[in-house]
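One-letter residues, chain by chain:
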Amino acid sequence: LTDTESESSYYSPQKVKSREVLCLEQEGITIEVLMMGEPFFNCQIGFVGCRALCLKGIMGVRDFEENLNRREEDAVFFSCGDNLKSKGMTYLTNSLFDYRSPENNGVKAEFILDSANHKETYTEIVGMQRFGAFYMDYLYTMENSSSEGSQDFSVLNTEELVPTAQETSMKRLVVGPLDIRLHSSAVHRILKMVTCAMDHEYEPYCKPQQETTEACHGPATPEEISRLEEFIPTRLTSVTLLQVSVTVSMAEFNLLHALIPVILGYKATPRPVSVPVFQPLHPLPSVQFQVERVNFDHSEPMYGPELVTTVSSLSQPPENLLHHCYAHLYLKVFGFQAGLTCQDRTGSFLPLISIIPSFSTAIYGKLIQLPAFWSKRSSVPTAECIFELPHFTVQATRPQTLLLQAICQSWTHSMVNGSPLPVSESLHNEVFKVSGCPHRSSHQRQVWTVKSPSKWLHISECLQSRLPAESQWSHLRVVTSASRAHSSTSKGRKFPL
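Residues numbered from 1 in each chain as written. Predicted model: local features only at pLDDT ≥ 70, side-chain atom pairs only at ≥ 80, totals over all residues. Heavy atoms only, no water.

### Regarding the overall build of the chain
Along the backbone of the chain there are 11 helices and 21 strands. Taking all contacts inside the chain whose residues are at least 6 apart in sequence as the whole, residues at least 24 apart take part in 76%. Summed over its atoms, the accessible surface of the chain is roughly 29,300 Å², and 57% of this surface lies on carbon and sulfur atoms. (Helix = DSSP H or I, 4+ residues; strand = E, 2+ residues; numbered from the N terminus. Contact = heavy atoms within 4.5 Å. Areas by Shrake-Rupley, 256 points an atom, 1.4 Å probe, with all protein chains shown as cover.)

### What about the pattern of salt bridges?
Under the counting rule described, the total for this entry stands at 15 salt bridges. Asp63 serves as the salt-bridge partner of Arg189, at 2.8 Å between the closest nitrogen and oxygen. Here the residue Arg189 occupies a position in helix H5 (residues 184–198), and Asp63 occupies one in strand E6 (residues 61–64), the gap between them amounting to 126 residues. Accessibility assignment for this pair places Arg189 and Asp63 in one class, buried. A salt bridge links Glu73 to Arg71, with the nearest nitrogen and oxygen atoms 3.5 Å apart. Classification of Glu73 by relative accessible area gives partly exposed; the value is 49%. Salt bridges sharing common partners tie together Arg19, Arg62 and Glu65. (Salt bridge = Lys/Arg side-chain N within 4 Å of Asp/Glu carboxyl O. Buried < 20%, exposed > 50% of the residue type's maximum accessible area, 1.4 Å probe, protein only.)

### Points about the environment of Phe41
Tracing the backbone through its elements, the reader meets Phe41 in strand E4 (residues 40–54). A residue is classified by how much of its surface remains accessible, and Phe41, at 25% relative accessible area, is partly exposed. Along the sequence, Phe41 and Met142 sit 101 residues apart, while their C-alpha atoms lie 9.1 Å from each other. Once residues lying within four places of it in the same chain are set aside, the contact partners of Phe41 are Val33, Leu34, Met35, Tyr138, Leu139 and Tyr140.

### Structural notes on the side chain of Ser101
Within the secondary structure, Ser101 is located in the loop between helix H2 (84–87) and helix H3 (115–121). Owing to a relative accessible area of 0%, Ser101 belongs among the buried residues under this scheme. Only 2.9 Å separates the side chain of Ser101 from the backbone oxygen of Asp98, close enough to count as a polar contact. Setting aside chain neighbours within four positions, we find Ser101 in contact with Asn94 and Ser95. (Polar contact = N/O pair within 3.5 Å; in protein donor to acceptor, adjacent residues only side chain to side chain.)

### Observations concerning a nonpolar patch on the surface
Residues Ile29, Ile31, Val33 and Met35 make up a contiguous nonpolar surface patch of roughly 420 Å² in combined accessible area. Within the secondary structure, Ile29 is located in strand E3 (residues 22–36). (Patch = residues over 30% accessible without salt bridge, like charges linked within 9 Å, V, L, I, M, F, W, Y side chains within 5 Å.)

### Comments concerning unusual backbone geometry
One non-glycine residue, Lys56, lies in the positive phi region at around 50°. Within the element layout of this structure, Lys56 appears in strand E5 (residues 56–58). Take Lys56: its relative accessible area is 34%, and that puts it in the partly exposed class.

### Digging into the pairing of strand E7 (residues 76–81)
Strand direction decides the pairing type here: E4 and E7, joined by five bridges, are antiparallel. Across the sheet, the residue bridging to Cys50 is Cys80, located in E7. Where E7 meets strand E10 (residues 178–182), three bridges bridge the pair, whose relative direction is antiparallel. Along E10, the bridge assignment pairs Phe78 with Ile180. (Pairing = 2+ DSSP bridges.)

### Examining the side chain of Thr240
Turning to its location among the elements, Thr240 is positioned in strand E11 (residues 234–249). Within the structure, the side chain of Thr240 is placed 3.5 Å from the side chain of Asn295, a separation counted as a polar contact. Apart from the residues lying within four places of it in its own chain, the contact partners of Thr240 are Glu124, Leu173, Val174, Val175, Arg293, Val294 and Asn295.

Just distances and angles here, no functional claims.
If you want it as structure tokens, here you go:
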């Protein structure tokens, strides 16, 4: 980051000084591109390991200066994948640097140039075995359904909406084991860079384009409808996160009152900021979130404006064509859990104390493309959302609740001197059960539990558009078999909320 500073003299010019605050390291990077004219294009990108770490100081806080002699592991707040020492040279597979490749053994290489074999060969497991941190596979194919040759879809007018070429586009992104540690040093560095990007006096590089409604060319012919029903080019995007761990530690220092207003769009007011003397907290209470797997899928028509213009002109559009006029989103979360942990002086974390036991959930949503074309169609919903939750539980003792409150307040309550109040040793011992410390008797401990023991929870919301904007309505449906919330003590009494 660069900043201006002045000399002691009043008339001395300001000098620009640069200071390193972040470092990003990647290793084992591979980019492969395979082309066969217009019909086939494939690009694969992957790397073995990636990590980000803090450097020196931020906003006057000298948290990672060299004279502090802090461990390098404490500076790392983002790590993904593995390193080359343990992973090996698998990222060089079939390249010219691989002695086992066909070219290095005098054999002609064979390439996969069709979509079906490509999907069977380059799977998620194969990509992560080769790289380990990040794997992206972009595949574009264009197959001719007739002998007329390929056509350019982007230059067609509405009379030539569907060419004989059938196009498909698919992007798959897989991110390996993720470990994110959001402590004060990392959060302030990230938000400081966001603040510098938001606080500028020049015009933005890009502005959102306003939706324009062009005049319709008229009803589509039966031939155009039949060709549309036969095949519609679609763009698919799939993102997968594996073994994600996010740890939010108690704030060791808090100067967010100088950053948040700028990020929210308010004008920065120059005022003196009291810089605290950095003192590492040990032990450091933290909230940790763990997810086994996250799947995000998104699909949309490749040429949405042309498709919507044609389908919206029909008095009764077929369900198949209407389905492709939406952008569809699927989000599936497997094995999500949250709890309390603590980082000791050696940098290791204690076993997780579960607050939210492991559960899975799924969300589906769809959004109509170019809503202005559907403003007069009251029967066509503009958006729909479905949320499913098989089970969900929250359980915490009173000391655990107090520790959670202290962690949240260390971030939300920005202190004047920048240093939040430390957690009492007795509270820490009560939560993490330090050996040799006296505890209260078990009958004084209360466990608050909120459960949804239903087999499934289904929430759907449908937004439909009518001609007047005031007549838009929303329908919300919640279906569940039972839910309960109670407080139980060691004596077995239950108090309904």
